[in-house]
Amino acid sequence: MSAPTPSAPEPPAPDSPAPGAPPHDSAQHDPDVALAQAPLTEAERPRWRRDTGVFLAGQTSSLLGSMLVQYAIMWHLTLETRSGSVMAIYAVVGFLPQAVVSVFGGVWADRLDRKKLIIGADATIAASTLALALIMLSGYDDLWLLYLVSAIRSAGAGIQTPAVSSLLPQIVPTEKLMRVNGINQTIQSAMMLIAPAVAAGLYATASIEAIFFVDVVTALIGIALLTLVPVPRLVRTDQVAGVRGYLADLVGGVRYVATHAFVRWVLLLWGVVFVLIVAPSFLTPLMIVRTFGDEVWKLTVNELAFSIGMLLGGIVVATWGGLKNRIAMVVGTTVLFALFNIGLGVSTNLWVFFAFMFLIGLGVPFFSTPTMTVLQEKVEPERQGRVFGFVGIVMAVAMPLGMSVFGPLADRYSVESLLVAAGVALLLVVVVAVGLPSGRRAMAEADAAAPAEEARV
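All values reported here derive from a predicted model rather than from experimental measurement.

Here is what the cut-offs are and how they apply
Residues numbered from 1 in each chain as written. Predicted model: local features only at pLDDT ≥ 70, side-chain atom pairs only at ≥ 80, totals over all residues. Heavy atoms only, no water. Helix = DSSP H or I, 4+ residues; strand = E, 2+ residues; numbered from the N terminus. Buried < 20%, exposed > 50% of the residue type's maximum accessible area, 1.4 Å probe, protein only. Contact = heavy atoms within 4.5 Å. Areas by Shrake-Rupley, 256 points an atom, 1.4 Å probe, with all protein chains shown as cover. Phe/Tyr/Trp six-rings, centres within 6.5 Å; stacked < 30°, edge-to-face > 60°. Lys NZ or Arg CZ within 6 Å of the ring centre and 35° of its normal. Axes fitted to C-alpha atoms, helices over the stretch in contact; angles between N-to-C directions. Left-handed = near helix turned anticlockwise from the far one by under 90°. Expected span 1.5 Å × (residues − 1). Bend = angle between axes of the 7 residues up to and from the residue. Salt bridge = Lys/Arg side-chain N within 4 Å of Asp/Glu carboxyl O. Core = buried A, V, L, I, M, F, W, Y, C linked by side-chain atoms within 4.5 Å. Parallel < 35°, antiparallel > 145°, perpendicular 65-115°, else oblique. Nonpolar A, V, L, I, M, F, W, Y, C, P; charged D, E, K, R; others polar. pLDDT = per-residue confidence, 0-100.

Visitor: How would you summarise the overall build of the chain if you had to cite specific residues and measurements?
Guide: Broken down by element type, the chain carries 16 helices and 0 strands. Put simply, the chain has 457 residues, and 51% of those count as buried. Long-range pairs, those at least 24 residues apart, make up 86% of the contacts in the chain between residues at least 6 apart in sequence. As displayed, the chain has an accessible area near 19,800 Å², and 70% of this comes from carbon and sulfur atoms.

Visitor: Give me the packing of aromatic side chains: which residues, what numbers.
Guide: As enumerated under the stated definition, the model contains 9 aromatic pairs in all. Within the aromatic cluster, the residues linked to one another by ring pairs are Phe292, Trp297, Trp351, Phe353 and Phe354. The ring centre of Phe262 lies 5.8 Å from the NZ or CZ of Lys378, which sits over that ring.

Visitor: Explain the side chain of Ser368 to me, using residue names and the numbers behind them.
Guide: Topologically, Ser368 is positioned in helix 13 (residues 350-378). For Ser368, the contacting residues outside a window of four places in its chain are Gln185 and Trp270.

Visitor: Tell me about the packing of helix 14 (residues 384-410) against helix 15 (residues 415-435), and name the residues and values.
Guide: Where helix 14 contacts helix 15, the axes come no closer than 9 Å and their chain directions differ by 145°. In the packing of helix 14 onto helix 15, the handedness of the crossing is right-handed. Of helix 15, the residues touching helix 14 (which contributes Phe406, Leu409 and Ala410) are Val415, Leu418 and Ala422.

Visitor: Let's hear about the environment of Leu168: which residues, and what values?
Guide: By secondary structure assignment, the location of Leu168 is in helix 4 (residues 143-171). Spatially, the C-alpha atom of Leu168 lies 8.8 Å from that of Val180, the residues being 12 residues apart in sequence. When near neighbours in sequence (up to four residues on either side) are disregarded, Leu168 contacts Phe55, Leu177, Val180, Asn181 and Gln376.

Visitor: Tell me about helix 14, residues and numbers included.
Guide: Every α-helical turn comprises 3.6 residues, leaving residues that sit three or four positions apart pointing alike. Taking 1.5 Å of rise per residue, 27 residues should cover 39 Å, and helix 14 covers 38 Å from first to last C-alpha, within 8% of that figure. Maximum bend of helix 14: about 25°, positioned at Ser404, with proline Pro408 one to four residues after it.

Visitor: An account of the pattern of salt bridges is requested, with residue identities and associated values reported.
Guide: Close approach of charged atoms lets side chains of opposite charge pair. Scanning the entire structure with this criterion turns up 7 salt bridges. Arg45 is the partner of Asp51 in a salt bridge, and the nearest nitrogen-oxygen pair spans 2.9 Å. Judged on exposure class, the residue Asp51 and its partner Arg45 are both buried. Among the salt bridges present, the one from Arg114 reaches Asp110, with a minimum N-O distance of 3.0 Å. In this pair, the class of Arg114 matches that of Asp110, namely buried. What emerges from the salt-bridge pattern is a single network uniting Arg45, Arg50 and Asp51.

Visitor: Got a sec to walk through helix 5 (residues 177-205)? Specific residues and values, please.
Guide: Its 29 residues place the ends of helix 5 41 Å apart at the C-alpha level, agreeing with the 42 Å of an ideal helix rising 1.5 Å per residue. Taken as a whole, helix 5 carries its principal kink of about 30° at Ile194; the proline Pro196 stands between one and four residues after it.

Visitor: Describe in detail the nonpolar core, supporting the description with residues and values.
Guide: Among the nonpolar cores identified, the biggest contains 53 residues, and Val263, Trp265, Ile327, Phe337, Phe353 and Leu375 are the most heavily contacted of them. Going through the elements one at a time, helix 8 (246-259), helix 9 (261-281), helix 10 (284-292), helix 11 (296-320), helix 12 (326-346), helix 13, helix 14 and helix 15 are the ones with two or more residues in this core. Take this core: its biggest share by element is 11 residues, from helix 9. With residues near it in sequence (within four places) discarded, Phe353 still touches Thr284, Met287, Ile288, Phe292, Asn302, Leu344 and Ser347. Core analysis: the next-biggest nonpolar cluster, separate from the first, contains 25 residues, Ile73, Val86, Ala133 and Leu146 among them.

Visitor: Could you give an account of the packing of helix 13 against helix 14, with specific residues and numbers?
Guide: Put simply, helix 13 and helix 14 touch, their axes get as near as 10 Å, and they point 155° apart. Here helix 13 is positioned roughly antiparallel relative to helix 14, judged by the angle of their axes. By crossing handedness, the relation of helix 13 to helix 14 is classed as right-handed. In this structure, helix 13 contributes Met372, Leu375 and Gln376 to the contact, and helix 14 contributes Gln384, Val387, Phe388 and Val391. When grouped by side-chain class, the residues that make up the contact of helix 13 with helix 14 number 5 nonpolar, 2 polar and no charged.

Visitor: Lay out the confidence of the model for the chain with the relevant residues and their values.
Guide: Per-residue confidence for the chain gives a mean pLDDT of 81, with 85% of residues at or over 70. Least confident of the elements in the chain is helix 7 (residues 237-240), whose mean pLDDT is 51; most confident is helix 6 (residues 208-226), at 95. Under a pLDDT of 50 for its full length, residues 1-36 has, in the predicted model, 50 contacts with residues more than four places off or in other chains.

Below, the structure written as structure tokens:
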């Protein structure tokens, strides 16, 4: 299906920043100066609801299969080996390739057809999973095969994730991005509830190979649905002119993130939250076992409290649309995360502990959705792939980094003290972040943009 090709805008004069682009000090001398593009409107995409629905349906199908495989491999390794070292290796091969490939995946998302990138990544992941299923059915099930396919799947996510995040603003009107991102967050939260149950049923009644075949089918469904979505081609005058090279795009993306105060500030805050909140949250099962008892139902309720909270939070954000001031919403939620984390640490009643886990899950969409939306709104379309590539790196690196610190500390100190310390540290980080010049500018820009956003809506 062919897509309409917008005409390329004239490049801005060298002595002024691109219209609508956030000002930064190096803009006048930056060879990677942005191309201007006005916010996408409903009039330009009259069928955006249909296209977005089909796109999200395809991504949901693909996500379900991916999560089934993730749980299946994790449970298979746990049950077959009962080895902490094996699980550690699985965690490394599941995170590290995505972190490395995201750098290149972001560049590809800005240079190539994002729709074809998503299809290619999905197809490669499905092909590797199909090959693994057939090999295991033949009786060959060495651990290195599971590690290899897990690494391939992780690398595929490093290509797919920035492409998906940067494609959405091409098919969704700008003023609707917050709601659509909220819907997407709700779908992901629902999958966190559904996938473990489906995976457990398949693993118990069939086999791990059956789950692999289901993943292949869901990937094919996702690819088929994506082919039905027309995506406008993003034209870059510098690339058409042959000036740009791959390395120049990579260096330009690094320079953009490093010198663009707003983007750098958002990514640093995102990374700190992952280190101080997401990583310690992986220690909550350990706290439950040490403090409240080792019954399985307690661990199950802990996971359900978080997942149900995140699901409800996504529904609220998708329905409400969030604050017009995205940064105020992000900062306010970060403060609440810190307080809830302290609440976890000081909880002496199990149900109070579960309540705080529910509240943290409830807050996740109020943090992640406006963060993704504000980047989609602020970053120029031809740079979004690279920026979301760095978002993928932060997500893939920050959690293992945090666990490498908090994990060993949990063997020397109580989990309660670590949760309280992480919460207090995050409060201090918020004070510093808002007090920085880049933080004050981000808040001021968001305040100025809010009335304009209301006027558009």
